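# Examination of the molecular architecture
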Amino acid sequence: MIDLNTLVEETGAESGLVFNIDGILVESVNLEYDGNVAAMIGMILKMCLEMTEDVNNGDLKQVMIKNNDGIVVANKNSDDNCVALLSKDISKMGLLLRRMDTVFNN
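Note that the structure is predicted; figures quoted are calculated from it, not measured. (Residues numbered from 1 in each chain as written. Predicted model: local features only at pLDDT ≥ 70, side-chain atom pairs only at ≥ 80, totals over all residues. Heavy atoms only, no water.)

Let's shift gears to the pattern of salt bridges. For the structure shown, the criterion picks out 3 salt bridges. Glu 10 is the partner of Arg 99 in a salt bridge, and the nearest nitrogen-oxygen pair spans 2.8 Å. Of this pair, Arg 99 sits in helix α3 (residues 93-105) while Glu 10 sits in helix α1 (residues 4-11), and the two are 89 residues apart along the sequence. Since its relative accessible area comes to 26%, Arg 99 is described here as partly exposed. Here Asp 22 and Lys 46 are joined by a salt bridge, their closest N and O atoms 2.6 Å apart. (Salt bridge = Lys/Arg side-chain N within 4 Å of Asp/Glu carboxyl O. Helix = DSSP H or I, 4+ residues; strand = E, 2+ residues; numbered from the N terminus. Buried < 20%, exposed > 50% of the residue type's maximum accessible area, 1.4 Å probe, protein only.)

Below, the structure is given as structure tokens:
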């Protein structure tokens, strides 16, 4: 199981959440409206998963959302468990991407 508090601390993300692909929240750290956020990111992951299947592009592993005020990195494993980290510091993008990869590859 993922220690979400440690993951948020190690990456310097402002917040994080653990949920399933259906958007059902399991745990969150420093996030207001966490249930809504889990549902929205779950829907994005599910839509991206279906798209990768439709275009025969392999299994979905990670989605990154970048906007003017921050970044969201969300990973999904083969059991449809998901973790997302949110940061307002776009310069942390590489760290978030890399750390999320190591969490899901171990």
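This brings us to the side chain of Asn 75. Relative to the helices and strands, Asn 75 resides in strand β4 (residues 70-76). A polar contact is formed between the side chain of Asn 75 and the backbone oxygen of Met 100, at a distance of 3.4 Å. In contact with Asn 75, other than residues within four places in its own chain, are Lys 61, Gln 62, Asn 81, Cys 82, Val 83, Met 100, Asp 101 and Phe 104. (Polar contact = N/O pair within 3.5 Å; in protein donor to acceptor, adjacent residues only side chain to side chain. Contact = heavy atoms within 4.5 Å.)

A few words on the nonpolar core. Where a protein is soluble and globular, its nonpolar side chains tend to be buried together. In this structure, Leu 17, Phe 19, Ile 41, Leu 45 and Ala 84 are the most contacted members of the largest nonpolar core, which totals 16 residues. Residue assignment for this core shows that the elements contributing at least two residues are β1 (15-20), α2 (34-54), β4 and β5 (81-87). In this structure, Leu 7, Val 18, Leu 96 and Met 100 belong to the second largest nonpolar core, which totals 13 residues. (Core = buried A, V, L, I, M, F, W, Y, C linked by side-chain atoms within 4.5 Å.)

Right, let's get into the confidence of the model for the protein chain. Close inspection of predicted coordinates is inappropriate in any region flagged by low pLDDT. Considering every residue of the protein chain, the mean pLDDT works out to 92; 98% of them sit at 70 or more. Mean pLDDT values over the elements of the protein chain span from 88, in α3, up to 97, in strand β2 (residues 25-29). (pLDDT = per-residue confidence, 0-100.)

What follows covers the state of the cysteines. The tally for this structure, following the rule as stated, stands at 0 disulfides. Unpaired in terms of disulfides, Cys 48 finds its nearest cysteine sulfur in Cys 82, a separation of 11 Å. On the basis of relative accessible area, Cys 82 is assigned to the buried category, the value being 0%. (Disulfide = S-S within 2.5 Å.)

This part covers the side chain of Ser 15. Mapping Ser 15 onto the fold places it in strand β1. Setting aside chain neighbours within four positions, we find Ser 15 in contact with Val 8, Val 29, Asn 30, Leu 31, Ala 84, Leu 85 and Leu 86.

Summarising the sheet, β1 and β2 pair through 4 bridges and their orientation is antiparallel. Residue pairing across strands places Val 18 opposite Glu 27, the latter belonging to β2. Between β1 and β2, which pair antiparallel and follow one another directly, the connecting turn spans 4 residues, one of which, Gly 23, has a positive phi of 85°. (Pairing = 2+ DSSP bridges.)

Here the focus is the sheet that holds strand β3 (residues 62-67). Strand order in the open sheet made by the 5 strands is β2-β1-β5-β4-β3, with antiparallel pairing throughout. Lying at the two open borders of the sheet, with one neighbouring strand each, are β2 and β3. Looking at each pair of strands side by side, their axes are set apart by 10° on average, direction ignored. Helix-sheet contacts for α2 involve β1, β2, β3, β4 and β5, and the interaxial angle to β1 is about 60°. (Axes fitted to C-alpha atoms, helices over the stretch in contact; angles between N-to-C directions.)

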